[in-house]
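The residues making up each chain are set out below.
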Amino acid sequence: MAVYENASEITVEMMNLSDASARTVASKSHTDEDGTTVPGGKLLRCVAVSFCLLCFLQVALNISLRLALSPPPGIDASFKNLTEERDELRSINLRTEESCKTLTEERDELKRKLSYFASQQNSLTTERDGLKRKLNDFAHYSNQGWVYFSGSFYYISSIKETWQDSRDDCVRRGADLMIINSEEEQEFTRKYRQIMWIGLTDRETEGVWKWVDGTSLTTSFWHSGEPNSYEGTNEDYVAVNYHDYKNSWNDLECIIKNFWICEKNMTL
Ligand code: BGC
Ligand code: CA
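So, here is what we can say about the structure in this document. (Residues numbered from 1 in each chain as written. Chains lettered and ligands numbered in written order. Predicted model: local features only at pLDDT ≥ 70, side-chain atom pairs only at ≥ 80, totals over all residues. Heavy atoms only, no water.)

1. Describing the packing of aromatic side chains
At step 1: Under the counting rule described, the total for this entry stands at 16 aromatic pairs.
At step 2: Each ring, one from F149 and one from F188, has its centre 4.6 Å from the other, and the planes form 5°; the classification is stacked. Residue F149 is found in strand β1 (residues 147–149), and its partner F188 is found in helix α5 (residues 183–190); the two are separated by 39 residues along the sequence.
At step 3: Given a relative accessible area of 23%, F149 falls into the partly exposed group.
At step 4: Ring plane angle 85° and centroid distance 5.5 Å describe the contact between W222 and W249, whose orientation is recorded as edge-to-face. Of this pair, W222 sits in the loop between β5 (210–211) and β6 (237–240) while W249 sits in strand β7 (residues 249–252), placing them 27 residues apart in sequence. No difference in accessibility class separates W222 from W249, as the two residues are buried.
At step 5: One aromatic cluster is present, formed by F138, Y141, W146, Y148, F153 and Y155 through successive ring pairs.
At step 6: A cation over a ring is seen here: R173 above Y155, with NZ or CZ 4.0 Å from the ring centre. (Phe/Tyr/Trp six-rings, centres within 6.5 Å; stacked < 30°, edge-to-face > 60°. Helix = DSSP H or I, 4+ residues; strand = E, 2+ residues; numbered from the N terminus. Buried < 20%, exposed > 50% of the residue type's maximum accessible area, 1.4 Å probe, protein only. Lys NZ or Arg CZ within 6 Å of the ring centre and 35° of its normal.)

Listed below in C-alpha cells is the structure:
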C-alpha cells in the first residue's frame, strides 16, 4: 500500500487507477483474434438493429396513414356532383316553398270569397222568399177585399162579436186585431164611423195596457174619462168608440159585441 504525502498526490493516483480500469473494460469489449464477439459489441448491434426496425415501422405507418386518409380516386368529382345536386335541390325546395305559400294565400282568398258569396246567396234567397211571400200576401188580401193603408191591409167585419171571438177571426185570416201606432192610423179608424174592437187589453194586469203583439201602450187616444171600468164593471178590452173625437178609445166588458178591425202588417 502507497503512502501519500498530500492531496495532489492522492488525485494523481486516483486518475491512474481510472485509466487502468477503463482499459480493462475496453479490452473486454474487443473481439478476440479468433472472431468471438465480446458482450459490448452485441449491445451495439442490438441498438442498431432496433433503430433500423423502428425506422422501418415508421415508414410503414406513414404509408398506411397516407393510404387510409387520402380519398379514393374519383371521390373529389363525386363530392362536387353531390354538392351541386344538394344546391340544386335546395333551390328547388325554395321555389316549391314560395309557390306553396302563394297557393295557400290564393286558396284562403278563394275561401273568403266563397264564404262571402255563400252568405250573399243566403241573404238573397231569404230576401227573395220574403218578397215572394209578400207578393202572395198582397194578391191574397187584395182579392179578399182588404183595404191597403200605410204598409198594412185592414179588414172591417160586417158582423158583431165579443173581443175574443173577433180576435180569433183575425188570427184565422192570418192577421190580428189592429194595433194603432200613429195618429194617421187613429184617423184611418175614425173614417169608418163604427164602434170596432182594436187589439188593446189589460186583462193580464189591471191598468197595464198591452197590444196583441205584446208591446206596451205608448201613444194613446183615450176619450175623456177613459179608461174607467165603468161603474165597477171589469172593462178590459178597447174599442174605437167615439169617432167624432180625435181621442176615441173606450174600455168595455168582455161580453159586449162589436164590429172589429183586423190588420195584416206588410212591413214585417
Ligand atoms: C161610459 C163608458 C163605458 C160604457 C159601457 C159609457 O156610458 O162612458 O166608459 O165603457 O158606458 O157601456
Ligand atoms: Ca169605459
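Still to come is the rest of the account.
2. Side note on the site of ligand 1
At step 1: As a structural note, the neighbourhood of ligand 1 is formed by E226, N228, Y230, E235, Y242, N250, D251 and L252.
At step 2: The contact in question runs from an oxygen atom of ligand 1 to an N or O atom on the side chain of N228, over 2.7 Å.
At step 3: A distance of 3.1 Å separates an oxygen atom of ligand 1 from a polar atom in the side chain of N250.
At step 4: Residues belonging to the shell around ligand 1 are distributed by class as follows: three nonpolar, two polar and three charged. (Near = heavy atom within 4 Å. Polar contact = N/O pair within 3.5 Å; in protein donor to acceptor, adjacent residues only side chain to side chain. Nonpolar A, V, L, I, M, F, W, Y, C, P; charged D, E, K, R; others polar.)

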